[in-house]
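Structural overview
One letter stands for each residue in the lines below.
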Amino acid sequence: MVIRRTRATTSKSSGVTPNEVESELTCYCGLRSPLLIAKTKKNAGRRFYGCAKFDGPGCCNFFMWVDQKIPDQARDMIVELLERNQALSESSQSRCNDDYVSSLIAKMKAQKAKNGLLKEELARVKKGKMLYQLGFFLCMCYIIMGIIFNVKASEKFLSLP
Ligand SMILES: [Zn+2]
């Protein structure tokens, strides 16, 4: 085991829990071993030193209990509190999701309003285009009629003796 010193102090520093006991223990990886709190039903709330990569990839399985075995009654209480805490954090999570959904709905409504404005604009542009085409058509008719009448008039003129 790679224990440099087993002395534990009660100074506050980086770590897992507010009442953390900082150790100078190192796990087999050569990293400082953090003080962790068991969350299993059998040992709920019991503190232990674990590998710095505890429960993760490359964990060296270093493990050492800090607390004596907790009385069953206290352990059951801790389990119940942990479960309640879990339920609370889940309900707050779902509330966050509700907020997210309502913000999406608000965005969708804004987008719909924008789409309506764009449709109106498109209809206006189409109307303008139609008027332009009608005007162009009438102009062309006028020019063609003019040409036809001119030709007929000149034919009359030419047919005269
Ligand atoms: Zn390790």
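Presented here is an overview of the structure given in this document. (Residues numbered from 1 in each chain as written. Predicted model: local features only at pLDDT ≥ 70, side-chain atom pairs only at ≥ 80, totals over all residues.)

1. Considerations on the overall build of the chain
The criterion, for reference: To qualify as a helix, a DSSP run of H or I must reach at least 4 residues; to qualify as a strand, a run of E must reach at least 2; elements of each kind are numbered from the N terminus. For the exposure call, what matters is how many other C-beta atoms sit within 10 Å of a residue's own: 20 or more marks it buried, 12 or fewer exposed, and in between partly exposed, using C-beta atoms placed from the backbone. Any pair of residues counts as being in contact when their C-beta atoms, constructed from backbone geometry, are within 7 Å of one another.
Scanning the chain from terminus to terminus reveals one helix and five strands. Reading the helices (α) and strands (β) of the chain from amino to carboxyl end gives β-β-β-β-β-α. The 161 residues of the chain split such that 7% are buried. A sequence separation of at least 24 residues applies to 28% of the contacts in the chain between residues at least 6 apart.

2. A word on the sheet that holds strand β3 (residues 35-37)
Formally: Whether two strands pair comes down to DSSP finding at least two bridges between them. A fitted line through C-alpha atoms serves as each axis, taken over the contacting stretch for helices, and the angle formed by two N-to-C directions is quoted from 0 to 180°.
Spatial strand order, β3-β4-β5: three strands in an open sheet with antiparallel pairing. Only two strands of the sheet have a single partner each, and these edge strands are β3 and β5 (63-65). Between one strand axis and the next, the sheet turns by 35° as a mean value, whatever way the strands run. Of the pairings in the sheet, the one linking strand β4 (residues 47-50) to β5 comprises three bridges and is antiparallel in character. Bridging from a neighbouring strand, F48 pairs with W65 of β5.

3. Quick look at the environment of C27
Mapped onto the secondary structure, C27 falls in the loop between β2 (22-25) and β3. On a C-alpha basis, the gap between C27 and Y49 in space is 8.7 Å, while along the polypeptide they are 22 residues apart.

4. Here's the deal with the pairing of β4
With three bridges joining them, β3 and β4 adopt antiparallel strand pairing. Bridge pairing links I37 to R47 in β4.

5. Looking at unusual backbone geometry
With the exception of glycine, most residues fall at negative phi, and the peptide bonds are largely trans. Even without being a glycine, D55 presents a positive backbone phi close to 70°. Here D55 is to be found in the loop between β4 and β5. With 8 C-beta atoms counted inside 10 Å, the residue D55 sits in the exposed group. You will see that N61, though not glycine, has its phi angle at about 70°, which is positive.

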